Structures are given as structure tokens and as C-alpha cells.
Amino acid sequence: MRKGVPVSPGVAVGHAYCIHEVFVDPQRVHIAPQEVAGELARFENARRRSIADLRGLQEKVEKQVGKEAAAVFAVHESILHDTALVDKVRGWIQAERLSAPAALARLVEHYRGLLEKADDPYLKERLADIRDVVERLTAYLSPVLEKGSKVLPGPVIVVADELLPSQVVMLGDKPVHGIVTQSGSQTSHAAIIARSRGIPAVCGVDGVLRQVKSGDLLVVDGRDGHVLINPDPEVVAAYRKLEREFFDLRDQLAHNRESPAVTRDGTTIELLANINGPQDAEAAAAMGASGVGLYRTEYLYLTHASVPGEEEQLDVYRRVVAASPNHRCTIRTLDIGGDKTVPFLGRENREANPFMGWRSIRLSFEHPEFFLSQIRAVLRAAAPTATVPRPEVRLLFPMVTTIEELRRLRAMVRRAERQLAEQGKEFARVPLGMMLEVPAAAVMIEEMISSVDFVSIGSNDLIQYLMAADRDNPRVSHLCQPLAPAVLRVLESVVRVCNRGRTPVTLCGEMAASPQAFVLLLGMGLRQFSMSPAFIPTIKELAAHVSLEEARRLLTAAKKMKTTRRIHRLVTAELERLAPALRPVLMD
Ligand code: PEP
Ligand code: MG
């Protein structure tokens, strides 16, 4: 049994599907002379099948998500047609009698040597593409996957170092029931994606790829962070029961999607969805969200080969708004940097502390042409059309730190409006909001709210900055706790100031979906919550079991406690009493 960080609740049992950098069987680095022809054929077969896969994916993703998102697969396909690269692999198999996986591993090393030294972030990103392609080829060369079908029988548990955006898109093809990663933590993007799809996941399981091979039976317990490798049949049976309970409860709860979100004493609350693209907007509607509270636009850029133009952005934003419940959508401008990088914008040199470096609006300000094009595209997507006569679009800026930045942002928006008016393009004025995720902004919130129309609390970042603990580093994840007394104190003061100033306030960090945090936030006076769509039914159900008075009482009791553990224990016990049926989905 291994322990990691629980990042997406629920239990899953299934066979491991390892996404290795490249798996080379140590017994088979070299092959016999008579095996060379067969190995070349195996490599060719893997190449042919990978090309076919990539074409299929390109078509599918283009249809479902759009041309930009599909572009990455065209890049990957072109790598498989690159004769210089393919000839290298063939040459090593022939001349040095390396097995195909060993030759592919050498290929990655070869390009790593060449590209890692380059200063150009674009070239560095090419290395990631080569790795991606090599992983795909190796999957076809691995003995488990060669047995007939493309995937292992039954649902799979994906085991990876980290999940790359392109891999996440590909996962759409496989019945993924669980995710285990070596790196990452609660708020890393692999975790966010797992949660948005309702897949139980555990991150930060150091060295798990060395212990698990594809085909091993795994149990993933996303509630307490345990991963069991080839456990005894009795243990498997017990977990299969829990798995069934988890999925049954989730399906059962999804029936409440039509009902409004109200507390036991009849107070209406707003449950909104965090999304990454048009497809997620549909999931948000299916799960009963009343709108989109956070559209993270960076995924459009992460899967794109270059900066998308204004028209392309407009097309995607329009589709997202059209698919959003009630056509309500808060669009956040590009938030890259930290753990999200794109090759064409961003770091020139590696930063020692990327989360405290050149990210979000800090970066957008330095690419004013791009930034303005994004703002214009959002303002245009906010204009009514025949199919969406009353869109409710809001524009949200991440990582706001100072009042000067807010003034500069407002000036940018006015400039974008003037440009659109001059060009005679249809657009609408939209409410402007700030993400509250930097402690300095929390301290100054009283002064800042007069410069914005709404506030959205980004608790993922706010917590990491408050606690000085990297949100992606499993070593310090014990400090990144939403129920830490210091965090609760800051959140309460922000919510109070916003409510007093009648400035609408939402919380869109991952803690909105934590049942324990949810009740305390309710007690603080928060009424708008934005979360991964998969959690909406659970939180809606929970809300129906809690009255405001109980939530306030619980908050008062929690505030008397000095440690996170005590607060957690107190709230969990109370939740078990108030909503015992939700036990399978409560995280430990
Ligand atoms: C946050 O920081 O809480 C947030 C919602 O934004 P992201 O996770 O994309 O940084
Ligand atoms: Mg953030």
C-alpha cells in the first residue's frame, strides 16, 4: 500500500495503465541478430497505429472542442513522419540491435540533450511533444497492450508522473476510473481535471511508476489517498463494494440537477461550475449548475500550437457561452505561469519561484497586443446573437495584487471597447472582476472593491501564498489546508467586507467542493460557490441538509479551535450527523 495526497474523492478498482516516460524492459535492451527484422516490423506497426490514432483524435477533438485544441495532434503526427527522427530509431535497431523501446528511450535522451540546453521555450516544448509521441509508440510496443485491444480489459487506472494536457484529452477515449500520479498535489491541474470528470485520484505518490506495471490490479482510494497494488481478493471485494456505492450515489445525486440549490431553511445559494472549455460547459449543464463561475481560458492555449487569433478566441468563447447554463459565464483572462506554461508566451528563462513570478496578468500586461485581443474577444462574445439573445458574460482578471493593476486593467478594457467601436464590431460592456488570491489583495480588499464589479476568491492560490507552501509540492501539502485557522480567518474577513459593500463574491477554488469547507463558508455568509461540475450534485444535496443557523454555529465553534485537525474533526462529525447518506463521498 502506498500513500499519496487525496485529490479527488471516491474509490476505484481497475488495471493499471502506465504512462511511462518510456518503459524499457531491462531484460530486453538488446535483441538477437535474427530478431532485428521482427523488431523493425514491430516499430513500423506501432508507428502506423499511432498515426491512425492521432488522425482519429484530430478529427474527434476538432469536432468536439475545436481546431485549436486538435492542432497538437497534427504536430504529433508530423513527428511520426519526420524521416530524420524515424531513421535514427531504425538505425539503432539495425546497427546496435537495440529493442524498439530502448531505441525510443535513446531518442528521447538524444533530443533532451539537444533541446534542454536551448533557451528558446518553443524548442523546449518540442521535447515534450517528442516525449508524448514516444509514449504513444511505446504503449503499442508494450506486451500488455499488444494483446488485441487498444486498452486493457475493463476500466483502467491511469498511472503517470504527471498528466500532460494532451494526455488528458486522450483520456476521453478510455474508460478511466482512477488516476494516480507521482507528482502534483490537490490543486495541480491534473487534480483539477480529475475532479472535473469525477474520477477518483491520488497525487504525489513518489516512485509509483517503478512499482506498478501496466496490467497490475490497483485500488485507488481518493478519500484518504491510499493506493493498493495487487491487493488480496478479499480486500478487492471490499473496495469493489465501496466503488459501487460511490458510483451509485453519484448517479443518484445527479437526479437533483433540476432542483434549485437551497439550504434546509430555504435560503437560495448559487452553485456554479469551473470549466476549461465548451465540453465542460455541457457537463456543467448536465450536473445542474446555474452558470459557469470560472472559465479557465488557458486550456485553449495549452493545447494550441501558437497564439490563437481574436476570431478563433471569439469562436471558442461564443461556443462556451452558448453551452453554459443560462448562458451565464465568467471568463477569466489567461492565467499561465506557475505550473501552466505555453511555449509561445511566457518564461524566457526558468524562474526559481514560478508561482511568485511572471504569471497571469503580470505576463499579459507585457504582451499588450495579445491581452487586448483576448479582452476584445470576450467583449464580443458578450454581445447578444440570434441563438443567444441574453448572454450574461463577466470578465475576470487573475492574480490581481495592487490597486494600480486594477486601474491599468480598467484602462485596457476601455481601450478594447474604443477599438471595437471604431471597427464597428458588435460588443457588450461586461462586469469586471478580480480574483482574490494574493494575500496583499485580501488585506486591501476594502479599498479594492470600489474598483471592481465583483470578486472571485481563488482559494487554491490564496492558501498557497498565505501558508507559503507550494500548491504542487506534495512535501508541503499538509500546510495547504483550506480548514487552517489562518485561512478561515482571512476568508471570513473578505466575505464580510464584500457583503457589506454589496459587491458580489464567489469562491472558485477547489475548497468550494469540499463538504467541510462548504458549510463553514456558508456560515461566513458566502452564497455563490463555483466548483468542478462533478461535485455540484453532492454539494446541492448537502446544502439541503444544513440550515444557515447550523452553519453559523459550526463556524463559531470552529473559530475557537486552534488547529486544522480539530476543525476538520469537528466539522466532519457534524456533517456525518446532518447528512449520513453522503458518507461515501466525504473525504477523510
Ligand atoms: C484558484 O487559485 O483558486 C483558482 C481558482 O485558480 P487556478 O486554480 O486556476 O489558479
Ligand atoms: Mg489561481
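These numbers come from a predicted model, not from an experiment.

A short note on the sheet that holds strand S5 (residues 176-181)
Here eight strands make up an open sheet; going across it, the order is S1-S8-S7-S3-S4-S5-S6-S2 and the pairing mixed. Where the open sheet ends on each side, the last strands, each with one partner, are strand S1 (2-3) and strand S2 (5-8). Note: strand S3 (residues 11-19) against strand S7 (residues 217-221), five bridges, orientation antiparallel. Note on S7: the bridge partner recorded for Val11 is Asp221. Of the strands in this sheet, S3, S5, S7 and strand S8 (226-229) are in contact with helix H10 (residues 233-253), which crosses S3 at around 105°.

Comments concerning the pattern of salt bridges
Across all of its chains, the model carries 30 salt bridges by this definition. One salt bridge connects Arg90 with Glu44, and the closest N-O pair in it is separated by 2.7 Å. With Arg90 in helix H3 (residues 83-95) and Glu44 in helix H1 (residues 36-64), this pair connects stretches of sequence that are 46 residues apart. Classification of Glu44 by relative accessible area gives partly exposed; the value is 24%. The salt bridge partner of Lys213 is Asp216, with a shortest N-O separation of 3.2 Å.

Here we look at the site of ligand 1
Among the 17 residues in the neighbourhood of ligand 1, the closest are listed as Arg296, Arg332, Gly458, Asn460 and Arg471. Contact between ligand 1 and Gly458: an oxygen atom at 3.4 Å from a main-chain N or O atom of the residue. Measuring from an oxygen atom of ligand 1, one finds a backbone N or O atom of Ser459 at 3.1 Å. Look at ligand 1: alone it shows 290 Å² of surface, and the protein chains cover 100% of it. The set of elements that each furnish at least two residues to the shell around ligand 1 consists of helix H8 (189-196), strand S10 (292-296) and helix H19 (459-467). The element contributing the most residues to the shell around ligand 1 is H19, with three residues. Along the lines of polarity and charge, the residues of the shell around ligand 1 split into four nonpolar, five polar and eight charged.

Re the packing of aromatic side chains
Under the definition given, this model contains four aromatic pairs. With a centroid separation of 5.8 Å and 75° between ring planes, the pair formed by Phe365 and Phe371 is classed as edge-to-face. An identical accessibility class is assigned to Phe365 and Phe371; each is buried. Their ring planes at 90° and their centres at 6.1 Å tell us that Phe371 and Phe397 sit as a pair that is edge-to-face. Here Phe371 is found in helix H15 (residues 368-381), whereas its partner Phe397 is found in strand S12 (residues 392-397), with 26 residues between them in sequence. In this structure, Phe371 and Phe397 share a single accessibility class: buried. Through a chain of ring-to-ring contacts, the aromatic side chains of Phe365, Phe371 and Phe397 assemble into a single cluster. Stacked on the ring of Trp92, the Lys or Arg Arg106 has its end atom at 5.2 Å from the ring centre. In this arrangement the basic side chain of Arg394 is found over the ring face of Phe454, its NZ or CZ atom lying 3.7 Å from the centre.

Details of the nonpolar core
Among the nonpolar cores identified, the biggest contains 109 residues, and Phe397, Met434 and Phe529 are the most heavily contacted of them. If we skip the residues at most four places from it in the chain, Met434 touches Leu396, Phe397, Val400, Leu406, Ala441, Ile445, Met448, Val452, Phe454, Val455 and Ser456.

Considerations on a positive patch on the surface
Among the surface-exposed residues, Lys562, Arg565, Arg566 and Arg569 lie close enough to one another that they form a single positively charged patch. Tracing the backbone shows Arg569 in helix H24 (residues 564-578). By relative accessible area, which is 51% here, Arg569 ends up exposed.

Overview of the pairing of S7
Across the five residues that make up S7, a large majority, five, are buried. Covered by surrounding structure in S7 are Leu217, Val219 and Asp221 together with Leu218 and Val220, the residues of both alternating faces. With four bridges joining them, S7 and S8 adopt antiparallel strand pairing. Across the sheet, residue Val220 finds its bridge partner in S8, namely Val227.

A few points about the coordination of the magnesium ion (ligand 2)
Each angle at a metal carrying four tetrahedral donors should ideally be 109.5 degrees, and each at a metal carrying six octahedral donors should ideally be 90 or 180 degrees. The coordination sphere of the magnesium ion (ligand 2), as far as protein atoms go, consists of Glu437 (OE) and Asp461 (OD), spread over 2.0 to 2.2 Å. Taken together, the positions of Glu437 in the loop between strand S13 (432-436) and helix H17 (439-443) and Asp461 in helix H19 put the pair 24 residues apart, joining distant regions of the chain. Judged by its relative accessible area of 2%, Asp461 falls in the buried class.

Quick look at the sheet that holds strand S15 (residues 505-507)
Taken in spatial order, the eight strands close into a barrel running S9-S10-S11-S12-S13-S14-S15-S16, and their pairing is parallel. In this sheet, neighbouring strand axes are inclined to one another by 25° on average, regardless of whether the strands run parallel or antiparallel. Sheet topology note: the S13/strand S14 (residues 454-457) ladder contains four bridges and is parallel. Each residue of the ladder has a partner; that of Met434, found in S14, is Val455. The sheet strands contacting helix H16 (residues 403-423) are S12 and S13, and the helix crosses S13 at an angle near 145°.

Examining unusual backbone geometry
Phi is positive for Asn230, which is not a glycine, with a value near 45°. Its place among the elements puts Asn230 in the loop between S8 and H10. In this structure, Ser360 takes a positive phi of about 55° despite not being glycine. Here Ser360 shows up in the loop between strand S11 (328-332) and helix H14 (361-365).

Criteria and cut-off values
- Residues numbered from 1 in each chain as written.
- Chains lettered and ligands numbered in written order.
- Predicted model: local features only at pLDDT ≥ 70, side-chain atom pairs only at ≥ 80, totals over all residues.
- Heavy atoms only, no water.
- Pairing = 2+ DSSP bridges.
- Helix = DSSP H or I, 4+ residues; strand = E, 2+ residues; numbered from the N terminus.
- Contact = heavy atoms within 4.5 Å.
- Axes fitted to C-alpha atoms, helices over the stretch in contact; angles between N-to-C directions.
- Salt bridge = Lys/Arg side-chain N within 4 Å of Asp/Glu carboxyl O.
- Buried < 20%, exposed > 50% of the residue type's maximum accessible area, 1.4 Å probe, protein only.
- Near = heavy atom within 4 Å.
- Polar contact = N/O pair within 3.5 Å; in protein donor to acceptor, adjacent residues only side chain to side chain.
- Areas by Shrake-Rupley, 256 points an atom, 1.4 Å probe, with all protein chains shown as cover.
- Nonpolar A, V, L, I, M, F, W, Y, C, P; charged D, E, K, R; others polar.
- Phe/Tyr/Trp six-rings, centres within 6.5 Å; stacked < 30°, edge-to-face > 60°.
- Lys NZ or Arg CZ within 6 Å of the ring centre and 35° of its normal.
- Core = buried A, V, L, I, M, F, W, Y, C linked by side-chain atoms within 4.5 Å.
- Patch = residues over 30% accessible without salt bridge, like charges linked within 9 Å, V, L, I, M, F, W, Y side chains within 5 Å.
- Lys, Arg positive; Asp, Glu negative; His and termini not counted.
- Charge placed at Lys NZ, Arg CZ, Asp CG, Glu CD.
- Donors = N, O, S within 2.8 Å, 3.2 Å for Na, K, Ca; no water.

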